[in-house]
Structure formats: C-alpha cells, structure tokens
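These are the residues of each chain, in order.
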Amino acid sequence: MVYVFLADGFEEMEALAPVDIMLRAGIEVTTVGITGEYVTGSHGIVVRADTTEFAMNESVELIVLPGGGQGTANLGASQRVKDAIEYSKKNGVKMAAICAAPSVLGENGALVGKKAACFPFSAFTDKLNCAEYVSDGVCADGGVITARSAGHAASFGIELVRQLRGEEAAQGVYTEIYQNA
C-alpha cells in the first residue's frame, strides 16, 4: 500500500504521474486528502482524494509527498503528515518526495545522512538537513526517494516502482509508457 498525500496547492504532474505509473505496475495506491476530500492543485485542477483518513501500519510500504509551493507548505504544516513521517522513520517505511516537498522530509529529520534531490532554490535546499544535496533528476538513498522537479515526475514514478517491486517491474512499466514514444 502506498499513500500519496495531497494538499491544496499540490503540483498535479508530480502527484498524478507517479500515481498512474505505480497503478500500471499493479501497486495499490491510495490518495489521501490532507486539506479535504476535494483537493485543488496548483494549476486549478480539482482532484477527489480516495480518502481523508489513513492509518500508518505494516501494510504501508511508501508515503509520497508531491511538491508545489503551497502544497508543500500545507503538507509541512500538517501534524498528520509529520506523524506519518515519524512513523515511517521508526518502522522502515520508504518515503518519497518531489520538487519542493523533500524540504518537508528534511525539516522532519528524514534526510539526515542521506543524499537528496529537490527543486534547486535555497528556500528548499536549505531545509534538506541532509549530508549531500544532489542535482540529479531522481535520487534514491536508504529508503528515501527524492526528485528535482515536475519534469522528472515520470522518472520519479518509475523509480518508486523499482524501489517497491524491483528492476523487472520498473522496466515493464517503462516499456509500456515509452514503447510508442
């Protein structure tokens, strides 16, 4: 089970492309509306979240934080998101964030001693609190997957599949997406 947290102001591509890719790989994904059942993205697209309630338990393999300036601020202000990050740190649940959202992981101590990518503005990189900021499109380090920007949303989604289901599953979804490109 994967939880993708959505908060008003989220970047649509950074949330929905990885969700689509994980679903194509047969991964169970639940979108969680942190700011309500209907969540408005940064470009005005309204998404109905699967749920507004969630429970962190042994069935959760991964939590995902999409970026977007206001979305990231709303995720960072949510005690429920902070509690999910803390649970993940203590219980070995993988965590992922893209664009501005890795700053939320950093502010909550999830990136200490790791490499991480994020949107390259000091407002976000200064909050990573990690051993090394990398400018890679996607970075996986010790159960934490981060990505630089919306332009890397598909690669981010494929890496999430790789981390959860292995190389063969990642190659399968990559081929499905790009075979006619």
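Residues numbered from 1 in each chain as written. Predicted model: local features only at pLDDT ≥ 70, side-chain atom pairs only at ≥ 80, totals over all residues. Heavy atoms only, no water.

Remarks on the environment of I145
For step 1, the next point in the chain: Structurally, the position occupied by I145 is in strand 10 (residues 144-147).
For step 2, the next point in the chain: Residue I145 is classed as buried on the basis of its relative accessible area of 1%.
For step 3, the next point in the chain: Residues I145 and S103, 42 residues apart in the sequence, show an inter-C-alpha distance of 13 Å.
For step 4, the next point in the chain: Leaving out residues up to four positions away in the same chain, I145 has contacts with L62, M95, A96, A97, V138, C139, A140, F156, E159, L160 and Q163. (Helix = DSSP H or I, 4+ residues; strand = E, 2+ residues; numbered from the N terminus. Buried < 20%, exposed > 50% of the residue type's maximum accessible area, 1.4 Å probe, protein only. Contact = heavy atoms within 4.5 Å.)

Here's the deal with the packing of aromatic side chains
Centre distance and the angle of the planes are the two values used to describe a pair of aromatic rings.
For step 1, the next point in the chain: Enumeration over the complete set of coordinates arrives at four aromatic pairs.
For step 2, the next point in the chain: Aromatic side chains F5 and F54 sit 5.0 Å apart centroid to centroid with 55 degrees between the ring planes, which places their arrangement in the tilted category. Here F5, found in strand 1 (residues 2-6), pairs with F54, found in the loop between strand 4 (46-48) and strand 5 (62-65); they are 49 residues apart in sequence, far enough to count as distant.
For step 3, the next point in the chain: Taken together, the ring pairs connect Y3, F5 and F54 into an aromatic cluster. (Phe/Tyr/Trp six-rings, centres within 6.5 Å; stacked < 30°, edge-to-face > 60°.)

Describing helix 3 (residues 79-91)
For step 1, the next point in the chain: When the terminal C-alpha atoms of helix 3 are compared, their 18 Å separation across 13 residues agrees well with the 18 Å that a helix rising 1.5 Å per residue should span.
For step 2, the next point in the chain: Buried within helix 3 are the following residues: V81, A84, I85 and S88. The buried side chains of helix 3 occupy one side of the element, clustering within an arc of 100 degrees when seen end-on.
For step 3, the next point in the chain: Near the N-terminus of helix 3, the side chain that reaches the backbone nitrogen of R80, with its oxygen 3.3 Å away, is that of S78. (Expected span 1.5 Å × (residues − 1). Arc of directions from axis to C-beta. Polar contact = N/O pair within 3.5 Å; in protein donor to acceptor, adjacent residues only side chain to side chain.)

What to know about the pattern of salt bridges
Pairing between side chains becomes possible if they bear opposite charge and their charged atoms approach one another.
For step 1, the next point in the chain: All told, the structure shown has eight salt bridges when counted by the stated rule.
For step 2, the next point in the chain: The closest approach of N and O atoms between E86 and K89, which form a salt bridge, is 3.1 Å. With E86 and K89 both in helix 3 and three residues apart, the pair spans about one turn of that helix.
For step 3, the next point in the chain: Looking at K89, the relative accessible area reads 34%, which means it is partly exposed. (Salt bridge = Lys/Arg side-chain N within 4 Å of Asp/Glu carboxyl O.)

A look at the pairing of strand 10
For step 1, the next point in the chain: Residue alternation in strand 10 divides its side chains into two sets, V144 and T146 and I145 and A147, and both sets are buried.
For step 2, the next point in the chain: Of the strand pairs in this sheet, strand 6 (residues 94-98) and strand 10 are connected by four bridges, and their pairing is parallel. Across the sheet, the residue bridging to A96 is I145, located in strand 10.
For step 3, the next point in the chain: For strand 9 (residues 138-141) and strand 10, the ladder comprises four bridges, and the chain directions are antiparallel. Paired with A140 across the bridge in strand 10 is I145.
For step 4, the next point in the chain: Taken together, strand 9 and the strand that follows it, strand 10, pair antiparallel across an intervening segment of two residues, in which G142 is found at a positive phi of about 60 degrees. (Pairing = 2+ DSSP bridges.)

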